[in-house]
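Structural features, examined
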Amino acid sequence: MNQLFFTPNIENGLARLDEEESRHLLTVLRRQPGDPLQITDGKGHFYDAEITEAGKKYAMVRILNTISTPEPPARLHIAIAPTKQIERLEWFLEKATEIGIQEITPLLCRRSERTTIRHDRLEKILVSAMKQSLQSRLPRLNALTPFKQCVQGATESRRLIAWCPETALPPLKTQLHGVADTLILIGPEGDFAPEEVILAENCGFSGVSLGPTRLRTETAGLVAVMQFAFQTT
């Protein structure tokens, strides 16, 4: 599989590629009706297909074969404060998708340096990273969510908050034994406010450390993703 295309629009053995995917397929790669291609719906399926129609702003393809991939043994959900320089958050989203993550929540904290995001742009980065790494599952990207709403609405059985108190916290890797759906909170550059930590603890979150050095937000997020991936593979 050298090139992977994405569309959620698959029905009755046919799929329609949107304008951007179609332009890359037809204009950049110069594919023609009858040519084969591989697509994913981002929901755990790969499809062998062939082009049936090449329009100016769309392409129609016929599904020839379906390959379903297994669900991960446990889901990882990272709630992370958007960085002041949005490119750093975008970098995290790309790398986290390549490694493997199921859900991401941009987190609005008391000390957040960024209070708005472009959800559509971030979604495109996830799609691009999923295709580049030849994966069949698109991570869920939630809307920018206030800290209180996120922690009070958490449903994962394992809930962790990474922060930097004066006293040592247990390393994250020691808290990842056993297979369990996991939510890890990653704060802004100024760390979580004390009242946020207290609220999280009251909602069943345990404090963890990501190492002996102070990490940038996007680095902390990626360390969490990698440690979870290593513990579950």
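Above this note sits the structure.
Residues numbered from 1 in each chain as written. Predicted model: local features only at pLDDT ≥ 70, side-chain atom pairs only at ≥ 80, totals over all residues. Heavy atoms only, no water.

**A word on the packing of aromatic side chains**
Tallied over the entire structure, the rule returns one aromatic pair. Pairing Phe147 with Phe192 gives two aromatic rings, centres 5.4 Å apart and planes at 55°, and the pair type is tilted. Of the two residues, Phe147 is situated in helix α4 (residues 147–152) and Phe192 in the loop between β12 (182–186) and α5 (194–202); the sequence distance between them amounts to 45 residues. Each member of the pair, Phe147 together with Phe192, is buried. The ring of Tyr58 has Arg16 sitting right over it, with the charged end atom 4.2 Å from the ring centre. (Phe/Tyr/Trp six-rings, centres within 6.5 Å; stacked < 30°, edge-to-face > 60°. Helix = DSSP H or I, 4+ residues; strand = E, 2+ residues; numbered from the N terminus. Buried < 20%, exposed > 50% of the residue type's maximum accessible area, 1.4 Å probe, protein only. Lys NZ or Arg CZ within 6 Å of the ring centre and 35° of its normal.)

**Some thoughts on the environment of Thr155**
Here Thr155 lies in the loop between α4 and β11 (158–162). Given the relative accessible area of 68%, Thr155 is considered exposed. As a C-alpha pair, Thr155 and Met60 span 95 residues in sequence and 39 Å in three-dimensional space.

**With respect to the packing of helix α2 (residues 86–99) against helix α3 (residues 119–132)**
Across the interface, α2 lies against α3 with an axial gap of 8 Å and an inter-helix angle of 35°. The two elements α2 and α3 cross, and the hand of that crossing is right-handed. Contact residues: Leu89, Glu90, Leu93, Glu94, Thr97 and Glu98 in α2; Arg121, Leu122, Ile125, Leu126, Ala129, Met130 and Gln132 in α3. (Axes fitted to C-alpha atoms, helices over the stretch in contact; angles between N-to-C directions. Left-handed = near helix turned anticlockwise from the far one by under 90°. Contact = heavy atoms within 4.5 Å.)

**Comments concerning the environment of His119**
Mapped onto the secondary structure, His119 falls in helix α3. His119 gets classed as partly exposed once you look at its relative accessible area, which sits at 31%. His119 has contacts with Leu141, Asn142 and Ala143, leaving out every residue within four places of it along the chain.

**Re the pairing of strand β3 (residues 14–17)**
Here β3 shows one buried face, formed by Ala15 and Leu17, and one open face, formed by Leu14 and Arg16. Bridging between strand β2 (residues 10–11) and β3 involves two bridges; their strand directions are antiparallel. For Glu11, the partnering residue across the bridge sits in β3 and is Leu14. The hairpin formed by β2 and β3 contains two residues between the paired strands, and Asn12 there has a positive phi angle of roughly 55°. (Pairing = 2+ DSSP bridges.)

**Here we look at a nonpolar patch on the surface**
A cluster of nonpolar residues, Ile99, Met226 and Phe230, forms a patch on the protein surface that exposes about 290 Å² of accessible area. Here Ile99 is to be found in helix α2. Given a relative accessible area of 36%, Ile99 falls into the partly exposed group. (Patch = residues over 30% accessible without salt bridge, like charges linked within 9 Å, V, L, I, M, F, W, Y side chains within 5 Å. Areas by Shrake-Rupley, 256 points an atom, 1.4 Å probe, with all protein chains shown as cover. Salt bridge = Lys/Arg side-chain N within 4 Å of Asp/Glu carboxyl O.)

By themselves, these observations are geometric and do not establish any function.
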